[in-house]
Number of protein chains: 2
Amino acid sequence: MSEVARRAGVAMSSVSRVLSDHPDVSDGMRAKVMAAVDELGYKPNLLAQSLRRLETLSVGFLVGDISNPLLAQIAKGAETTLRDQGYSMLLTNSERDPDLDADHVRLLEQRRVDGLILSLAQEGHEATLAALRDLDIPVVVIDRVVPDDIEASAVLSDHRTGIRAAAGHLLDLGHRRIGLIVGQPLRPSRERQLGLADALAERGLPSTSIVMEGSLSQEHGEEATRALLDADDPPTAIIAGGNQIVIGALRELSRRGVRVGADVSLVSCDDVPMTELHQPPIAVVLRDNELLGSTAAELILRRIREDDEPREVLLPTTYVPRESVAPPAAAAPQPKAPAERKSRRRSGA
Amino acid sequence: MSEVARRAGVAMSSVSRVLSDHPDVSDGMRAKVMAAVDELGYKPNLLAQSLRRLETLSVGFLVGDISNPLLAQIAKGAETTLRDQGYSMLLTNSERDPDLDADHVRLLEQRRVDGLILSLAQEGHEATLAALRDLDIPVVVIDRVVPDDIEASAVLSDHRTGIRAAAGHLLDLGHRRIGLIVGQPLRPSRERQLGLADALAERGLPSTSIVMEGSLSQEHGEEATRALLDADDPPTAIIAGGNQIVIGALRELSRRGVRVGADVSLVSCDDVPMTELHQPPIAVVLRDNELLGSTAAELILRRIREDDEPREVLLPTTYVPRESVAPPAAAAPQPKAPAERKSRRRSGA
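Residues numbered from 1 in each chain as written. Chains lettered and ligands numbered in written order. Predicted model: local features only at pLDDT ≥ 70, side-chain atom pairs only at ≥ 80, totals over all residues. Heavy atoms only, no water.

Visitor: Explanation requested: the nonpolar core in the structure shown.
Guide: Soluble globular proteins: nonpolar side chains tend toward being buried together. Phe61(A), Leu91(A), Phe61(B) and Leu91(B) are the most contacted members of the largest nonpolar core, which has 50 residues in total. Residues contacting Leu91(B), with those up to four places away along its chain left out, are Ile66(A), Met89(A), Leu90(A), Leu91(A), Phe61(B), Val63(B), Ile66(B) and Ala75(B). (Core = buried A, V, L, I, M, F, W, Y, C linked by side-chain atoms within 4.5 Å. Buried < 20%, exposed > 50% of the residue type's maximum accessible area, 1.4 Å probe, protein only. Contact = heavy atoms within 4.5 Å.)

Quick look at the structure:
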């Protein structure tokens, strides 16, 4: 710090004020001090937290799949908040390849970002966890669970509550066999399965749902829907646990001439224009994706600037019923009670 | 270079071979030399192009709107190609704010990327052009025209040919009044307008189309559709020049109960699942977005590694007719000839 003061031709106290981001610093003073810091080529690890921040004012964001509009909205929310606070965001895309997550953590660390926001491809990937343990900058994970020894803040979506409401609506309409298509074995998939189980348990119904785990892709949505409809006892309702999964599901339903709402009820997760503009409109479990991103940005800024403790924020989801959800087709021409008995008998199989 | 050789304990020729990326270099030798380079803290501008590359192996990508699936696909194509060649990609998002483009050019330059791929928010933005003139790393622009004194390679989409085919199809079906909704006054908008003009000129028809210029947003699509339908002489066909524009257009059409295909013909640009899954499916002018991205990546790598001249690559678009395009509704109950006469009379107004 004394070298910086000498180089800048200012008092030590001025350097200290600039480096601690004191409000009473003129722009000219800040420029002089930072120029000296730059010229002397200080390394971040030799300097205080506040200096490191002043050096880069950037946050890295590891995204799992940038071509998914959900993640694009999260990234947008994060960037808007960071930019409002004078930070730039550098984004990398892992294409859901966990090895790339590990590479990108190291890459962004080398580029001296002040913090990392992570949407990890896998939760228990050893190389990524090792890279995170080596980091000396704050980390915020989005909708993932990481081991306790990694000091990460987390912003989580309450998928469980939204899916519980959606499944409850289907069950109350008389559906007894629900197909749930989810992505990778990550927190969102687990929470969605728990939500379905909750809805069944609340009604004292046996668990006759079929869960198809795979990936958050159109291909998985298509294949899982095919498998569900080809089953001996096909479900009368499908919950697509992701905005890419629902596209594949719709493709398969349309190919078979299965009418959404009339022949099979359909619920999706994460609104996209397609679910709203579809005829009939598709019921969804909504969440505020930009809020997820902006909350992640706020958490990382608090850790960078205030040295805040890691903390967890749970954000709500909401079930929005639409015309794609209706009583099961088989029940329509029959009185309700026998249809329900029939369904229950089936469920026992 | 001699300092590096001394520090690494190797011959000058070995340093030179490593720095010029000669194939006959062992991994051990490369590691030794690069460690010395790192320890000595060489600045990129003091070293050869090849060394700079070895220092960062990263390319920056300035995206205009990451929440647009088109740009997400382009980014994905670019990243896949860069990664295959051992490069990382750092992405920034300007939210279509040209001031951020200028900031991000400087940010990524500071982060020492080896090259920049740009999807600029504006073509003639002075601060951005100034930042680009200051750069000493190669640049590739995507679907933009920049002044000649900026030595940029360019990968361009041939929007004109695709729109000419789409408009030609509409005109041959009897449509005489076509509404074209485009985004910002950038190359894609200009080329799309030229394509429509071509189709009219080829058939010796007067220019009776209505062009609505605005932004590549759902809001503009909605407002422009409203204005077109409220016009005294509304168009019988709409070409939505962008995948966000078509979402807004569909929203407005659906609100008014205007049936796509039956009441008004509709063509979109850039396929998204919604256009394919819509009932009826929506005709589109397609392009290969991932190819756009991978071509941009190839161009930047050639400039980084082979010091290639800036060059321009034009990629094709294809018109795919679908059920959203049909003869004009007014013509249906009448014999064809009078309807055409009527349309022509209208066009003259």
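More follows now that the structure is in view.
Visitor: Is there a simple way to think about helix H13 (residues 289-306) of chain B in this case?
Guide: Since the α-helix packs 3.6 residues into each turn, any two residues three or four apart lie on the same face. All names here are of chain B. With 18 residues, H13 ought to run about 26 Å at 1.5 Å a step, and its terminal C-alpha atoms sit 25 Å apart, in line with that. Residues of H13 that are buried include every one of Asn-289, Leu-292, Gly-293, Ser-294, Thr-295, Ala-296, Ala-297, Leu-299, Ile-300, Leu-301, Arg-303 and Ile-304, and no others. The distance from a side-chain oxygen at the start of H13 to the backbone nitrogen of Glu-290 is 3.3 Å, and the residue carrying that oxygen is Asp-288. Taken from the residues just after H13, Asp-307 is the one with a positive phi, measuring 55 degrees. (Helix = DSSP H or I, 4+ residues; strand = E, 2+ residues; numbered from the N terminus. Expected span 1.5 Å × (residues − 1). Polar contact = N/O pair within 3.5 Å; in protein donor to acceptor, adjacent residues only side chain to side chain.)

Visitor: Can you help me understand the interface of chain A and chain B in this one?
Guide: Quite often, the size of an interface is put as the accessible area lost when its parts meet. In this complex, chain A contributes 28 residues to the contact, which on the side of chain B involves 28 residues. Across the chain A to chain B interface the summed buried area is about 2,800 Å²; carbon plus sulfur atoms make up 61%. The three residues of chain A that bury the most area against chain B are Leu90(A), Arg111(A) and Leu277(A), which together make up 21% of that side's buried surface. The shortest N-O distance in the salt bridge between Glu95(A) and Lys76(B) comes to 3.9 Å. Linking chain A with chain B are six residue pairs in polar contact (both at pLDDT 80 or more). Of all elements in the fold, only helix H5 (69-84), strand S2 (88-93), helix H6 (98-110), helix H11 (243-256) and helix H12 (273-277) of chain A reach the threshold of two or more residues within the side of chain A that touches chain B. Considering every element that reaches the side of chain A that touches chain B, the biggest residue donor is S2(A), with six residues. For the side of chain A that touches chain B, the residue count by class is 13 nonpolar, eight polar and seven charged. (Buried area = accessible area lost by both parts, 1.4 Å probe. Salt bridge = Lys/Arg side-chain N within 4 Å of Asp/Glu carboxyl O. Nonpolar A, V, L, I, M, F, W, Y, C, P; charged D, E, K, R; others polar.)

Visitor: I'm lost on unusual backbone geometry in this one. Help?
Guide: What you tend to see is this: most non-glycine residues have negative phi, and most peptide bonds are trans. The residue after Gln279(A), namely Pro280(A), is reached through a cis peptide bond having omega -5 degrees. Tracing the chain through its elements places Pro280(A) in the loop between H12 and strand S10 (283-286). Residues other than glycine seldom take positive phi values, yet Arg96(B) does so here, at roughly 60 degrees. Unusually for a residue other than glycine, Asp307(B) sits at a positive phi of about 55 degrees. Within the element layout of this structure, Asp307(B) appears in the loop between H13 and strand S11 (312-315).

Visitor: Sorry if this is basic, but what is going on with the packing of helix H10 (residues 218-230) of chain B against helix H11 (residues 245-256) of chain B here?
Guide: What describes two packed helices is the angle between their axes and the distance between those same axes. Residues and elements named next belong to chain B. Orientation of H10 relative to H11, taken along the N-to-C sense of each, is 45 degrees, at an axis distance of 6 Å. Taken together, H10 and H11 sit at an angle that is classed as oblique. Here the hand of the crossing between H10 and H11 comes out right-handed. Contacts between H10 and H11 pair Gln-218, His-220, Gly-221, Glu-222, Thr-225, Arg-226, Leu-229 and Asp-230 from the former with Ile-245, Ile-247, Gly-248, Ala-249, Arg-251, Glu-252, Leu-253, Arg-255 and Arg-256 from the latter. Among the residues forming the contact of H10 with H11, the class breakdown is five nonpolar, five polar and seven charged. (Axes fitted to C-alpha atoms, helices over the stretch in contact; angles between N-to-C directions. Parallel < 35°, antiparallel > 145°, perpendicular 65-115°, else oblique. Left-handed = near helix turned anticlockwise from the far one by under 90°.)

Visitor: What am I meant to see in the relation of the copies chain A and chain B here?
Guide: Here the second copy of the chain follows from the first by a rotation about an axis and a shift along it. Placing chain A over chain B gives an RMSD of 0.2 Å and needs a rotation angle of 180 degrees, together with 0.1 Å of translation along the axis. Considering both components of the superposition, the chain copies are consistent with a two-fold axis. Closest to the rotation axis within chain A is the C-alpha of Leu91(A), separated from it by 2.4 Å. Mapped onto chain B, 100% of the interface residues of chain A again fall at the interface, so both copies present the same surface. (Least-squares fit on C-alpha atoms with pLDDT ≥ 70 in both.)

Visitor: Even after reading the chapter, I still don't get the sheet that holds strand S8 (residues 237-240) of chain A, so can you show me in this structure?
Guide: Hydrogen bonds along the backbone pair up the strands of a sheet, which may run parallel or antiparallel. Residue and element names in this part refer to chain A. In space, the six strands of this open sheet follow the order S7-S6-S8-S9-S10-S12, with mixed pairing throughout. Edge positions in the sheet fall to strand S7 (210-213) and strand S12 (318-320), since each has one partner strand and no second. Mean inter-strand twist for the sheet, computed between neighbouring axes without regard to direction, equals 15 degrees. Judged from the four bridges that link them, strand S6 (residues 178-182) and S7 form a sheet pairing that is parallel. The partner of Gly-179 across the bridge, within S7, is Ile-210. This element, helix H10 (residues 218-230), spans S6, S7 and S8 of the sheet and lies at about 155 degrees to S6. (Pairing = 2+ DSSP bridges.)

Visitor: I tried to follow the packing of helix H8 (residues 159-172) of chain A against helix H9 (residues 187-202) of chain A on my own but got confused; where do I start?
Guide: Residues and elements named next belong to chain A. Interhelical geometry of H8 versus H9 gives an angle of 40 degrees and a closest axis separation of 7 Å. Considering the angle they form, H8 stands oblique to H9. Both H8 and H9 take part in a crossing whose hand is right-handed. Residues His-159, Arg-160, Ile-163, Arg-164, Ala-167, Gly-168 and Leu-171 of H8 form the contact with H9, whose participating residues are Arg-187, Pro-188, Glu-191, Arg-192, Leu-194, Gly-195, Leu-196, Asp-198, Ala-199, Leu-200 and Glu-202. Here the residues of the contact of H8 with H9 are counted per class, giving eight nonpolar, three polar and seven charged.

Visitor: Looking at this model, I keep getting lost on the environment of Leu107(B). Mind explaining?
Guide: Among the structural elements, Leu107(B) can be located in helix H6 (residues 98-110). Looking at Leu107(B), the relative accessible area reads 6%, which means it is buried. Taking the C-alpha atoms as reference, Leu107(B) lies 9.6 Å from Gly60(B); in sequence the two are 47 residues apart. Contacts of Leu107(B), omitting those with residues within four sequence positions, involve Ser88(A), Leu90(A) and Thr92(B).

Visitor: Would you explain the sheet that holds strand S9 (residues 265-269) of chain B in this entry?
Guide: Residue and element names in this part refer to chain B. Here six strands make up an open sheet; going across it, the order is S7-S6-S8-S9-S10-S12 and the pairing mixed. Looking along the sheet, the strands with just one partner apiece sit at the ends: strand S7 (210-213) and strand S12 (318-320). Averaged over all neighbouring strand pairs, the angle between strand axes comes to 15 degrees, with direction disregarded. Summarising the sheet, strand S8 (residues 237-240) and S9 pair through four bridges and their orientation is parallel. Each bridged residue has a counterpart across the sheet, and for Ala-240 the counterpart in S9 is Ser-268. In this fold helix H9 (residues 187-202) packs onto strand S6 (178-182), S7 and S9, with an angle of close to 165 degrees to the strand it touches most, S6.

Visitor: Is there a simple way to explain the pairing of strand S10 (residues 283-286) of chain B in this structure?
Guide: Two faces belong to every sheet, and in a regular strand the side chains alternate between them. Both S9(B) and S10(B) contribute to a ladder of three bridges, which runs parallel. Its bridge partner being in S10(B), Val267(B) is matched across the sheet by Ala283(B).

Visitor: How should the pattern of salt bridges be read in this particular structure?
Guide: Oppositely charged side chains can form a pair if their charged atoms are brought close together. Residue and element names in this part refer to chain B. Applying the stated criterion to the full structure yields 61 salt bridges over all chains. Put simply, Arg-190 and Glu-123 hold a salt bridge, and the shortest N to O gap is 2.8 Å. Taken as a pair, Arg-190 in helix H9 and Glu-123 in the loop between strand S3 (115-118) and helix H7 (126-134) lie far apart in primary sequence, 67 residues in all. With a relative accessible area of 34%, Arg-190 lands in the partly exposed category.

Visitor: Sorry if this is basic, but what is going on with the side chain of Ser153(A) here?
Guide: All names here are of chain A. Relative to the helices and strands, Ser-153 is located in strand S5 (residues 152-157). By relative accessible area, Ser-153 is classed as buried at 0%. At a separation of 3.1 Å, a polar atom in the side chain of Ser-153 contacts the main-chain amide nitrogen of Arg-311.

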